[in-house]
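Remarks on the overall topology
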Amino acid sequence: MTEPRPEQPRIGVDEWVASAEERRQRSFAGRLEEAIDRAPAAAKLVVFALPFALFPFFTDSEYVTQVGIDTLIYVLLALGLNVAVGWVGLLDLGFVAFFGLGAYLYAALASEYAGRHWEAQFAVPVIAVAVAATGFLVGLPSRRLVGDYLAIVTLFFLQIWLVVLVNASFTRGPNGIADIYPLKLFGREIVSLEGYYYVTFAAFVLIVSFLYLLDRSRTGRAWRALREDELAAELMTMPVNRLKLMAFAVGAGIAGIAGALYAPQQGAVFPANFDIVLLITVYAMVVLGGAGSIVGVTVGAVLINASLEALRDPDDASWLFYLAIVLALILLMRPRWLPVAVLAATAVFGLAVHELAEQVRPSLVAGTTFGTARVDELVDSWVLLPEGAIGQDGLPAGALARLAYVGLVAAMLGLTLIRSRLWRAVALVPVLYLGACVWENVLVAQPAVARFVLIGAMLVALMAVRPQGLLGKQRVEIV
Amino acid sequence: MDWDKLVQLLVNGVTLGSVYALVALGFSMVYGILKLLNLAHGDVLMVGAFVGWGVLGWLGGAQDPTVAVWLVILLMILAAMVGGGFLGVAIERFAYRPLRRAPRIAPLISALGVSFFLQNSVLLLFGANFRSYDSFDLVDVGVGVEWGPLHVWVMRIVVIVSALAMMGGLWLLVTRSKLGKAMRATAFDREAAAMMGIDVDRVIVKTFFIGSALAGAAGVLVGLVFFQINHFMGFNYGLKGFTAAVVGGIGSIPGAMVGGLFIGLAEAFSVGYIEDLTRGRLGSAFSDLVAFLILVIFMLVRPQGIFGKPEVKKV
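Residues numbered from 1 in each chain as written. Chains lettered and ligands numbered in written order. Predicted model: local features only at pLDDT ≥ 70, side-chain atom pairs only at ≥ 80, totals over all residues.

Regarding its fold elements, chain B presents 12 helices and 4 strands. Its C-alpha atoms give chain B a radius of gyration of 20 Å, near enough to 20 Å, the size a compact globule of 315 residues would have. With the C-alpha coordinates aligned to their principal axes, the bounding extent of chain B is approximately 60 × 50 × 40 Å. Looking at chain B as a whole, 51% of its 315 residues are labelled buried. In chain B, 77% of the contacts between residues at least 6 apart in sequence involve partners at least 24 apart. (Helix = DSSP H or I, 4+ residues; strand = E, 2+ residues; numbered from the N terminus. Rg over C-alpha atoms; globule rule 2.2 N^0.38 Å. Buried ≥ 20, exposed ≤ 12 C-beta atoms within 10 Å, placed from the backbone. Contact = placed C-beta atoms within 7 Å.)

Below, the structure is given as structure tokens:
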């Protein structure tokens, strides 16, 4: 990976940039994109929303339906965050506070604690407007220096929001508000999970349509212009600050709606539901799918929530871990035989190390795997498993495991510095093996934490390798 | 008026403020040179605190250290500085440098990822429980300076003095040394500095090393006077450090020091008096509200901070 230095002359770059659009139109992906672009909006919406509409028919399990509702809520959050982050390029770090505000406002309008029960058709719009207005006010102080300062102000706002939730008496502190009434829509109460699924789905369809139209409106074009070059946009007489605050408020409003749907479905709201962890998760969804693209962000939210669900159970997590490594290698490495060679070499390398360790220091292989799935039997005779590496509390018991973890991180970073493709593949073999050892000895006992470690690493890696995400459009800088 | 309480809060505020100032310095230096908000800076502090804690354990713990107490403290600070410094360099190399030419938001998201990764890595390796420095075993709380009714624990003095010493050292480095000159030149205009023969990448790496080393040291100082550390502590210190840097004037070294002291004092006094002033309606936990209000007021009234110059955009 060579990076262009600003001081080097960039010969040929301008030419490449100038012809980028032309080349895109000639490629298959480019033509496909154009065909999709020309399709009528209603058809696009139907095709896009159909999988979500049909989802409940494929499952009887309450758990799966619940996951479906959570996914839709996440999709709404990711869509809302995308307005500020993807379309305008503002870093909004207080986003989940607006989600929380929506949820708590619903609790204030419809719960036993508040002694009211507003119907949803009144409550949700009121909440959306109130939260959007709050978002506007929060963005206001940084209007002169929007950008980086907005990040600090919003992050601090999130902190204040959490402090108020935990310490104020009217929010009942960390115990939260538990007796929230269910959604009442035009006189009918919604009680079943399926009912909630379809209400959330309806909100999803409405918001997606709204965002689609907004993206194509004058405002949407102005936002994109603003993201590409603020100064140029300002010179074109665009009201830059007002546009930024508007994007910020729209995103906050959508988060408010998501919160207003989340609270009655859960039946309770707690401060711990709206913390930094949720914030980063939503960021990961937006970035993975492709910031700026409605479809991309939706796909990102579905993918991340599905994998987070799957990573809950240590046995499933093990499967996923090995599967993901094999898949990633096969998809990313060229030529085709290279990943096969690397995997075979890793297997042999592991067996050799295991054998050596058994001869020299049997204590290094005396342990057993944490999981009980079939894959663990195979793994048991392959990776190094010192006895009692995982302590009673699931934490690594010895300094060795911690060192191995730090070593793995350092080795992976070092790997990216190797320029030669062949040597990188050679170096990958011990790193993969070390990764498997660390997984079995450190990560697998705490899948809840391991998944967040992976999300953090994914954000950094994505930004460096593929900032446009899975479905976003590659940014072409016009000089 | 309760003068004892006032003076005690003053001492608390200066202690807290000197830590915030150290954080603000690193943050401000990086911002000055790269125009980049290093959101992972608070987590470098957290890692520094854990490095110091590890060194303390390695030297026999706070109860019966194997070497002299002053040496223990010195070694803890030095190890945290080295650890924090190299961590900062790694963050720069792998998370920020590939994104130098990317849109402004890309390194910020990358920084979020780094921050989340560091927090959860420490959570993974050490758990969510607070770890304690037990520094009251290292130096008895009774040992200190008596001044009338006022008693200041010697550890507080150590912390304040070492923070001041580090700030002084940094001031000398930036104003007197060749590296400092190169740093100032790079902050002023990176391309022009490169044309004058300054290796900009190296200057940036060194800036990150120094700034992160200060954060690492600040982590140990926090542990020494406030005892408790955990994986999430960096968030609060990062946030207050950012606020201090903004209040003082981002990119300015004296600004970061003054801003840090200002925020520290404001926090200490609001912890002490907020309950009396609001007649018990707001508890001491709401002291963060005061820092937030200060930040908002500064952004509205004087967005360039106390020592900063208003930014003039050149095309």
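Next comes the rest of the account.
Attention shifts here to the overall build of chain A. The secondary structure content of chain A amounts to 20 helices and 4 strands. Over its C-alpha atoms chain A spans a radius of gyration of 25 Å, differing by no more than 12% from the 23 Å that the globule rule assigns to 479 residues. For the C-alpha atoms alone, the extent of chain A along its principal axes is close to 75 × 60 × 45 Å. Per-residue burial over chain A gives 41% buried out of 479 residues. Sequence-distant contacts, at least 24 apart, represent 73% of the contacts inside chain A between residues at least 6 apart.

Residues and elements named next belong to chain B. By the bridge criterion, 4 bridges tie strand E2 (residues 144-147) to strand E3 (residues 150-153) in an arrangement that is antiparallel. Pairing of Val145 across the sheet is with Val152, part of E3. From the end of E2 to the start of E3, which pair antiparallel, there are 2 residues, and Gly148 there has a positive phi angle of about 65°. (Pairing = 2+ DSSP bridges.)

Bringing the interface of chain A and chain B into the picture now. Contacts between chain A and chain B engage 49 residues on the former and 45 residues on the latter. Within the residue set of the side of chain A that touches chain B, elements represented by two or more residues are helix H8 (148-167), helix H13 (276-289), helix H18 (399-415) and helix H20 (447-465) of chain A. By residue class, the composition of the side of chain A that touches chain B is 34 nonpolar, 8 polar and 7 charged. (Nonpolar A, V, L, I, M, F, W, Y, C, P; charged D, E, K, R; others polar.)

Before going further, it helps to spend a moment on unusual backbone geometry. Located in the positive-phi region is A:Thr237, a residue other than glycine, with phi close to 70°. Inspection of the secondary structure puts A:Thr237 in the loop between helix H11 (230-235) and helix H12 (240-266). Taking the C-beta count within 10 Å as the criterion, A:Thr237 has 7 such neighbours and is therefore assigned exposed. Phi is positive for B:Phe227, close to 70°, though the residue is something other than glycine. Looking at the secondary structure, you find B:Phe227 in the loop between helix H9 (200-226) and strand E4 (228-229).

Before going further, it helps to examine H8(A). Spanning 20 residues, H8(A) covers 29 Å between terminal C-alpha atoms, matching the ideal 28 Å at 1.5 Å per step. Burial within H8(A) is extensive, with 15 of its 20 residues counted as buried. (Expected span 1.5 Å × (residues − 1).)

A few words on helix H2 (residues 41-58) of chain B. Residue and element names in this part refer to chain B. Along its 18 residues, H2 runs 26 Å from first to last C-alpha, staying within 8% of the 26 Å computed at 1.5 Å per residue. Judged by how many residues are buried, H2 sits mostly within the fold: 14 of 18 residues are covered. In the stretch just after H2, Gly60 is the one whose phi turns positive, near 105°.

Let us now look at the packing of helix H7 (residues 120-139) of chain A against H12(A). The relative placement of two packed helices is expressed as an angle between their axes plus a distance between the axes. Residue and element names in this part refer to chain A. Here H7 crosses H12 at 140°, and the two axes come no closer than 7 Å. When the axis of H7 is compared with that of H12, the two are oblique. Note on packing geometry: the crossing formed by H7 with H12 is right-handed. Side by side, H7 and H12 meet where Ala123, Val124, Ile127, Ala128, Val131, Ala132, Thr134, Gly135, Phe136 and Gly139 of the first sit next to Leu245, Phe248, Ala249, Val250, Gly251, Ala252, Gly253, Ala255, Gly256, Ile257 and Ala260 of the second. When the residues that make up the contact of H7 with H12 are grouped by side-chain class, the tally is 15 nonpolar, 6 polar and no charged. (Axes fitted to C-alpha atoms, helices over the stretch in contact; angles between N-to-C directions. Parallel < 35°, antiparallel > 145°, perpendicular 65-115°, else oblique. Left-handed = near helix turned anticlockwise from the far one by under 90°.)

A:Leu76, A:Ala78, A:Tyr106, B:Ala21, B:Leu22 and B:Ala217 are the most contacted members of the largest nonpolar core, which totals 238 residues. Once you skip the residues sitting within four places of it in the chain, A:Ala78 turns out to touch A:Val282, A:Met285, A:Val286, A:Val297, A:Gly300 and A:Ala301. (Core = buried A, V, L, I, M, F, W, Y, C linked by C-beta atoms within 7 Å.)

Another aspect to go through is the packing of H2(B) against helix H3 (residues 69-96) of chain B. All names here are of chain B. At a minimum axis separation of 8 Å, H2 and H3 run at an interaxial angle of 140°. In terms of their interaxial angle, H2 and H3 are classed as oblique. The crossing of H2 and H3 is right-handed. Residues Val44, Val47, Gly48, Val51, Gly52, Val55 and Leu56 of H2 form the contact with H3, whose own contacting residues are Val72, Leu75, Met76, Ala79, Ala80, Gly83, Gly84, Leu87 and Gly88.

Residues and elements named next belong to chain B. Tracing the chain through its elements places Val72 in helix H3. Between the alpha carbons of Val72 and Gly52 there is a distance of 9.6 Å; along the sequence they are 20 residues apart. Aside from chain neighbours lying at most four places away, what touches Val72 is Leu56, Leu59, Pro65, Val67 and Leu138.

The subject of this paragraph is the confidence of the model for chain B. Averaged over all residues, the pLDDT of chain B is 88; the fraction at 70 or higher stands at 98%. Listed scores for the predicted complex are pTM 0.90 and ipTM 0.88. (pLDDT = per-residue confidence, 0-100.)

Residues and elements named next belong to chain B. In this fold, Gly60 is placed in the loop between H2 and H3. The class for Gly60 is exposed, based on 12 C-beta atoms found within 10 Å. When the C-alpha atoms of Gly60 and Thr278 are compared, they prove to be 46 Å apart, with 218 residues separating the residues in sequence. Discounting chain neighbours no more than four positions away, the residues touching Gly60 are Pro65 and Thr66.

A word on the environment of A:Tyr262. All names here are of chain A. You can see Tyr262 is positioned in helix H12. Using a count of 25 C-beta atoms within 10 Å as the deciding quantity, one classes Tyr262 as buried. As a C-alpha pair, Tyr262 and Ile69 span 193 residues in sequence and 8.9 Å in three-dimensional space. For Tyr262, the residues in contact, after removing those within four places along its chain, are Ile73 and Ala103.

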